[in-house]
Amino acid sequence: MGERRFFRMVNRVVSMTSAWKGETGLVAGTRLVVAVSGLWFVLLVTRNLGPVGRGEITIAFSLAWGAVIVGDLGVVTACRLRLLAGVGAADRGVHALAAGSMLGVQGALAGLGAVLFGLTGTDLGASVVVATVGLAVSIGAMRAASELGYGVRGYRWVSFVELGVAAGQVVASTGLWTVGRLSTTTAVIAMAIPHLVGAVVMGRRLGFVPSRIGTRVPFRSLATDGLSSMLGSAAHYLAVRSNRLVVAGVLGARSAGEFAVAVTLPETLRLVPRAISQVLGDRLRSGETTLRDVRRPLILVIL
């Protein structure tokens, strides 16, 4: 029943606006709700675990996200671009297998990063390291499912699942706090599990069920096609996210926690321009619009 109400609301929005405005509003609105739920998570963790606990979670998430960005080798983005261009649209199982094959690399990189980060003097503990690996795999799976979903223009289902993931995190973290079991490790697990469940639900709903192991996957061409995008994402990570690791490595987990809380609101302001640029970029790649048609919206995004 809740799902039907959600789709009715989405259809009203789309019917009252042009196609790209409806898609942009859907993506931006979803990300805004996710940001609000994330703010609740930040406040809850900071209030109960203090700056040190918040800092450790920040380190875990930053390591996991960095591993996800680098560990997919651009394969996931290349799959999305091919789907938008109509290349291999019928081979969803192959795309899903290609994206899923990267999860092991992402988990391994997260574990290696957590171990190496311990050399800075900030000891996360074995349980947090293991949870960080699980978080990287879960986020990688959810990111892959979202990218593939965007590749087939399944904005409604991607948004619906992302809202479910956000709700799952709020419920899980609040439940742990209520029973007195909220800790750095359990908070990271509360972040990981909804992402993994959401990835499975979205993949099955949109038909991205991995093909059998042994199916030929063109990893080399996918990695080549997605290399520039991966390098761009890595550069963005270094500019926006790596500062938390620098602060943590130099000043400790407490300072990293205080820094993470301070930049939460400014980072939320990037949601709307990112949503607009993503939708317009997808429409350009799929050939549904031209650069001339979206020139004005792009200028507004840049401003």
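The rules we used
- Throughout this document, residue positions are counted from 1 along each chain, in the order its sequence is written.
- Residue-level local features of this predicted model are given only where pLDDT is at least 70; pairs of side-chain atoms are given and counted only at 80 or more, and the full residue set underlies all totals for whole chains, interfaces and linings.
- Note: side-chain values were computed over all heavy atoms of the structure, leaving out hydrogens and water.
- Secondary structure follows DSSP: runs of H or I at least 4 residues long count as helices, runs of E at least 2 residues long count as strands, and numbering of each begins at the N terminus.
- Relative accessibility under 20% of the residue-type maximum defines a buried residue, over 50% an exposed one, and the middle range a partly exposed one, all with a 1.4 Å probe and only protein chains included.
- Residue contacts are counted whenever heavy atoms from the two residues lie within 4.5 Å of one another.
- Values of accessible area rely on a 1.4 Å probe in the Shrake-Rupley scheme; residue burial ignores everything except the protein chains shown.
- The patches described consist of residues with a relative accessible area above 30% and no salt bridge, like charges being joined within 9 Å and nonpolar side chains (Val, Leu, Ile, Met, Phe, Trp, Tyr) within 5 Å.
- Counted as salt bridges are all cases of a side-chain nitrogen of Lys or Arg within 4 Å of a carboxyl oxygen of Asp or Glu.
- Helix axes are fitted to C-alpha atoms over the stretch in contact, other axes to C-alpha atoms as well, and angles between N-to-C directions run from 0 to 180 degrees.
- Throughout, the term roughly parallel applies to angles under 35 degrees, roughly antiparallel to angles over 145, roughly perpendicular to angles from 65 to 115, and oblique to all others.
- Only Asp, Glu, Lys and Arg are considered charged in this grouping, and only Ala, Val, Leu, Ile, Met, Phe, Trp, Tyr, Cys and Pro are considered nonpolar; every other residue, Gly among them, is considered polar.

Caption draft 1: Representation of the overall build of the chain. Counting its regular elements, the chain contains 14 helices and zero strands. N-terminal to C-terminal, the α/β element order of the chain is α-α-α-α-α-α-α-α-α-α-α-α-α-α. Here the chain holds 303 residues, and the buried ones make up 47% of them. Restricting to contacts in the chain with at least 6 residues of sequence separation, those with at least 24 account for 83%. Summed over its atoms, the accessible surface of the chain is roughly 14900 Å², and 65% of this surface lies on carbon and sulfur atoms.

Caption draft 2: Expanded view of a nonpolar patch on the surface. Judged by side-chain polarity, Val70, Val105, Leu109, Leu112, Leu116 and Leu119 come together as a nonpolar surface patch covering roughly 530 Å² of accessible area. Take the nonpolar patch: its biggest share by element is four residues, from helix H5 (residues 103-117). With respect to the helices and strands, leucine 112 occurs in helix H5. According to the relative accessible area criterion, leucine 112 is partly exposed, its value standing at 48%.

Caption draft 3: Highlighting helix H3 (residues 75-84). Of all ten residues in H3, nine are buried; the element is thus mostly enclosed. Trailing H3 by a residue or two, glycine 86 shows a phi angle of about 80°, which is positive.

Caption draft 4: Summary view of the environment of glycine 100. Among the structural elements, glycine 100 can be located in helix H4 (residues 92-101). For glycine 100, a relative accessible area of 35% translates into the label partly exposed. Separated by 109 residues in sequence, glycine 100 and valine 209 have C-alpha atoms that sit 9.9 Å apart.

Caption draft 5: How the structure looks around the packing of H3 against helix H9 (residues 219-240). Axis separation between H3 and H9 bottoms out at 7 Å; the angle between their running directions is 100°. It follows that H3 is roughly perpendicular to H9 by the angle criterion. In this structure, H3 contributes Val75, Thr77, Ala78, Cys79 and Arg82 to the contact, and H9 contributes Ser221, Leu222, Ala223, Asp225, Gly226 and Ser229. By residue class, the composition of the contact of H3 with H9 is five nonpolar, four polar and two charged.

Caption draft 6: Region of interest: unusual backbone geometry. The phi dihedral of leucine 73 falls on the positive side, at around 55°, and the residue is not glycine. Checked against the element boundaries, leucine 73 lands in the loop between helix H2 (19-71) and H3.

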